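Architecture at a glance
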Amino acid sequence: MKLTLSQEQQQLRQSVRSFLRTASPLPKVRQGYDPQVYSRLNGELGLSGLIIPEEYGGAGAGLIELAVALEETGAALLPGPFLATTFAAIALTRVPDKELLTGIAEGRIAATLSGDEIAYDGVAVRGRLTQILSGMEADVLVAPARSADGAVMVAVDLAGPGVTRTALETLDITRGQAEVVMDGAPCRVLGPPPETGIGDRLCVALAAEQLGVMRAALDAIVAYAKIRVAFGRYIGSYQGVKHKLADMHCKLEQAESIVRYAAWAADESPAELPGAAALAQAYVGRACFEVARDHLLLHGGIGFTWEHDAHLFYKRAKADEVLMGPPRMHRARLAELLEVL
């Protein structure tokens, strides 16, 4: 097991970072989802196809490479359906569908994934799903469905007949959610649901984004502590600030090790993945929120204003903390896996 990145993985990180620095800086993030940026992200970097097998037009990379990319999109607070499409792609690699996987790899299709079941009558689906990530921006919904013959995975055209989408007011203004109501909506059956593995891989992917949020927040407050003067001294020279920054740095270092290990387990050691994924969300989700919170607090009064970027990191961190379930749920699962209950 290697917890350091290879030269190729470092180059991937730098390519994504350089692209987002110019194409999606924080002032642009405030404007919300830009389809042109998403199109370029896929056309120039091929990020949505990163983990899609080569036979479907993807790069055939592993979760380690995906984690590198997600860390950078997290640090940039990238708006839009990239994370949702990544979640759907992770599921679709276990239920291979040529049309969807090829469309995602080429950047033509933005998808989203639901973990909640809908009803399937053999022709169409019915159901109401809430808090669908990037539900307004996605083209296709991938979801489990229950019929008289058992469970299947289906794909639903979100712009098709029988589908109503309503944007939800959310804490995180950089990435939306939607309520999706299906009433006799046509669908395509993809196959039986995978038995295991998808949820764990989603937890690792989300932890990688959270690691990026942490890193960007810490970098920003360290830079601020070097230039902000209070009572005739740079605030970074005060012991209380030094201690807080040191604590934030330790959380980041621990989170990075956990994410690297979990991504390695997803690619190389499936038996270790359940515990690694539970650990990732038990620790990284909470640590990300704490770092984003302290980033805001250390900015003082300016950090609480709408004009400052601190609240953008705070809100993304809080929304991500519960996206795959609260940390206490993952702690309980980890304890069960370790047989310490």
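The model shown is predicted, which means the values in this text are computed figures rather than measured ones. (Residues numbered from 1 in each chain as written. Predicted model: local features only at pLDDT ≥ 70, side-chain atom pairs only at ≥ 80, totals over all residues. Heavy atoms only, no water.)

Tallied over the full model, the rule gives 28 salt bridges. Salt-bridge contacts for glutamate 44 lead to arginine 40; the nearest nitrogen and oxygen are separated by 2.7 Å. Highlighted residues: glutamate 44 and arginine 40, both in helix α3 (residues 35-45), separated by four residues, approximately one helical turn. When its relative accessible area of 35% is taken as the criterion, arginine 40 is described as partly exposed. In this structure, lysine 318 and glutamate 321 form a salt bridge, with 3.0 Å as the shortest nitrogen-oxygen distance. Here lysine 318 and its partner glutamate 321 are both found in helix α10 (residues 310-321), three residues apart, which amounts to about one turn of the helix. Accessibility expressed as a relative area gives 29% for lysine 318, which makes it partly exposed. (Salt bridge = Lys/Arg side-chain N within 4 Å of Asp/Glu carboxyl O. Helix = DSSP H or I, 4+ residues; strand = E, 2+ residues; numbered from the N terminus. Buried < 20%, exposed > 50% of the residue type's maximum accessible area, 1.4 Å probe, protein only.)

Attention now goes to the packing of helix α1 (residues 7-23) against α3. Taken N-terminus to C-terminus, the directions of α1 and α3 make an angle of 150 degrees; their axes are 11 Å apart at the nearest point. Judged by the angle between their axes, α1 and α3 are roughly antiparallel. In this structure, α1 crosses over α3, and the sense of that crossing is right-handed. Across the interface between the two elements, Ser15, Val16, Phe19, Leu20 and Ala23 from α1 touch Val37, Arg40, Leu41, Glu44 and Leu45 from α3. Residue composition of the contact of α1 with α3, by class: seven nonpolar, one polar and two charged. (Axes fitted to C-alpha atoms, helices over the stretch in contact; angles between N-to-C directions. Parallel < 35°, antiparallel > 145°, perpendicular 65-115°, else oblique. Left-handed = near helix turned anticlockwise from the far one by under 90°. Contact = heavy atoms within 4.5 Å. Nonpolar A, V, L, I, M, F, W, Y, C, P; charged D, E, K, R; others polar.)

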